[in-house]
Amino acid sequence: MSAKGTAVPHVLAADDLPSDAPAYDVVVVGFGIAGGCAALEAARAGASVLLLEKAAVHGGTSSMSGGHFYLGGGTAVQRATEQEDSAEAMYDYLVAVSKDPEPDKIRAYCDDSVAHFEWLESLGFEFERSFYPEKAVIQPGTQGLMFTGNEKVWPFREQARPAPRGHKVPVPGDTEGARMVMDLLRERVEEAGVTVRYETGATNLVASTGGEVVGVAWRSFEETGCVASPAVVLAAGGFVMNPDMVAEHTPALGSKLFTLGSTYDDGLGIRLGRSVGAELKHMDEPFITAPVYPPSVLVTGLLVNQEGRRFVAEDSYHSRTSQFVMEQTGSAAYLIVDSEHVEYPAMPLVPLLDGYESVAEMALGLGVPEAALQETLDRYNEHAAHGEDPDFHKAAEWLAPQSIGPWAVFDVRLGHALYAGFTLGGIRVSVDGEAQRPDGSVVTGLYAAGACASNLAQDGKGYCSGTQLGEGSYFGRRAGRHAARVS
């Protein structure tokens, strides 16, 4: 017997749909970035649209984010800051970092990226035409562009020309930047004539005997009802707030972690898709991270595991590094930085464990083999002095010998560092958001976008900041347009 949180809602029969049920061309479930964009594009294409949102306000998890959109190919911000990029370079990079690349989606996303950038700005804001060159999790101010992935990390820098593609909305700070975009999107949605019902959640899909989705059931407090529609777009978020689904698919998110999501990231959209036979993909791949930077100088240090050995290039994007940490013995790692390079974070997610006067003292304090630690440190320092890293190919700009004691050690162990995470997997969909069965056939009338669909974001090792807002808005738009055509 499955746990309550993993239960798949039953499908209502089309024959049970009341004859007087309201009818819309398109029904969208969830008013985050994907749902809002889907509803807007469907309405602009001439469809009558109903948008259901379980919360009392719009925004969902999208409003909580810092506001990065992963965009490229020569956007106005890239051109203004003289950062050369092309759709081809962007495509090559995303294919290289994807666990299981879907070329048609990546090609469409890259080829349309400049146009999508312009569409986003047409909502009523502008990305600042400025570049932030430091290595950070998010720009501290309103700078419009930054490297937010592994573009300059080996081997990807050899597979695709690196370019910064993390476009941040002009709101300082690392949280709630995207709220501004969601507020503008709400205004555009209302102008387009979309009917929005808040505090109303979908509960079941309605399907014909042939398996076509023809409507959706809803609940608002004690009131329930059904809506007829030939096209339903699921954009109801991920499942990080559903302990039963997390335990089933991504148990690492269930312990010693701060979960990133809204109350309503309960996986219901994903389970609704499953109820009518849609396949789920990459459900076991979480995004988990505890950034060791900023300050960026800490990237010059070396990360060692419980065996006293390095295991990843320290200049990797923070979730890539963290995913490698998860694979070490006891999910344990330590960042070692010497007195010449140490700076202390203003808000340390990775706390200072201690300072050590000698390698022997450090090994004893960390409980790692002294000989291995000394060998690792010596090898790193020897090659770093020549700007080389034959073992992990860390970029020369982040190489510096860590040879001047005392040494500071930052605690990157799971349960000690402040790791945060969210889910990435979801419903298998076509490039236009059509829900698909395991054999690739389409569940007629059903679409999915955003965090409950599987598109570009597939695992933590290949993730880039801005992917979810970028793909959620772009593929949400495609789903809305296609759904309007079907109706």
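Residues numbered from 1 in each chain as written. Predicted model: local features only at pLDDT ≥ 70, side-chain atom pairs only at ≥ 80, totals over all residues. Heavy atoms only, no water.

Asks: For this particular structure, what's the right way to read the overall build of the chain?
Replies: A tally of helices and strands in the chain yields 13 helices and 23 strands. Structurally, the chain occupies a C-alpha span of about 80 × 55 × 40 Å along its principal axes. Across the 487 residues that make up the chain, the buried fraction comes to 60%. Contacts in the chain between residues far apart in sequence, at least 24 positions, make up 74% of those at least 6 positions apart. Working note: accessible area of the chain is about 18,300 Å², and carbon and sulfur atoms make up 51% of it. In the chain, 36 side chains carry a positive charge and 64 a negative one; their mean positions are 4 Å apart. (Helix = DSSP H or I, 4+ residues; strand = E, 2+ residues; numbered from the N terminus. Buried < 20%, exposed > 50% of the residue type's maximum accessible area, 1.4 Å probe, protein only. Contact = heavy atoms within 4.5 Å. Areas by Shrake-Rupley, 256 points an atom, 1.4 Å probe, with all protein chains shown as cover. Lys, Arg positive; Asp, Glu negative; His and termini not counted. Charge placed at Lys NZ, Arg CZ, Asp CG, Glu CD.)

Asks: Can you walk me through the packing of helix H3 (residues 87–97) against helix H4 (residues 103–111) in this structure?
Replies: The description of two helices packed together rests on the angle between their axes and the distance between the axes. Two elements in contact, H3 and H4, have axes separated by 9 Å at closest approach and are oriented at 145°. In terms of crossing hand, the pair formed by H3 and H4 is right-handed. On H4, the residues that touch Ala 87, Glu 88, Met 90, Tyr 91, Leu 94 and Val 95 of H3 are Pro 103, Ile 106, Arg 107, Tyr 109, Cys 110 and Asp 111. Residues belonging to the contact of H3 with H4 are distributed by class as follows: 9 nonpolar, no polar and 3 charged. (Axes fitted to C-alpha atoms, helices over the stretch in contact; angles between N-to-C directions. Left-handed = near helix turned anticlockwise from the far one by under 90°. Nonpolar A, V, L, I, M, F, W, Y, C, P; charged D, E, K, R; others polar.)

Asks: What is the right way to read the nonpolar core from this model?
Replies: The nonpolar side chains of a soluble globular protein tend to be buried with one another. Among the nonpolar cores identified, the biggest contains 62 residues, and Leu 205, Leu 234, Leu 335, Phe 410, Val 412, Tyr 419 and Leu 446 are the most heavily contacted of them. Here Val 412 is in contact with Val 292, Leu 303, Val 325, Ser 331, Ala 333, Tyr 334, Leu 335, Val 350, Ala 417 and Tyr 419, once residues within four sequence places are set aside. If you look at the next biggest cluster of nonpolar residues, it comprises 56 residues, including Ala 108, Trp 119, Leu 120 and Ala 484. (Core = buried A, V, L, I, M, F, W, Y, C linked by side-chain atoms within 4.5 Å.)

Asks: What is the right way to read the pattern of salt bridges from this model?
Replies: The final tally for this structure, using the stated rule, is 24 salt bridges. One salt bridge in this structure joins Arg 310 and Asp 389, with 2.9 Å as the shortest N-O distance. One end of the pair, Arg 310, is in the loop between strand S15 (302–304) and helix H10 (318–326); the other, Asp 389, is in the loop between helix H12 (370–384) and strand S18 (407–411), with 79 residues separating them in the sequence. Given a relative accessible area of 11%, Arg 310 falls into the buried group. When its relative accessible area of 7% is taken as the criterion, Asp 389 is described as buried. Glu 314 is paired through a salt bridge with Lys 394; the nearest N and O atoms lie 3.2 Å apart. Taken as a pair, Glu 314 in the loop between S15 and H10 and Lys 394 in the loop between H12 and S18 lie far apart in primary sequence, 80 residues in all. The same class applies to Glu 314 and to Lys 394, which are both buried. (Salt bridge = Lys/Arg side-chain N within 4 Å of Asp/Glu carboxyl O.)

Asks: I would appreciate a short explanation of the sheet that holds strand S5 (residues 145–146) in the present structure.
Replies: Hydrogen bonds between backbone groups are what pair the strands of a sheet, and the pairing can be parallel or antiparallel. The strand order across the open sheet built from 3 strands is S4-S6-S5, with neighbouring strands paired in antiparallel fashion. In this open sheet, the two strands that pair with only one neighbour each are strand S4 (68–70) and S5. Bridge count between S5 and strand S6 (residues 166–168): 2 bridges; the pairing is antiparallel. Residue pairing across strands places Leu 145 opposite His 167, the latter belonging to S6. (Pairing = 2+ DSSP bridges.)

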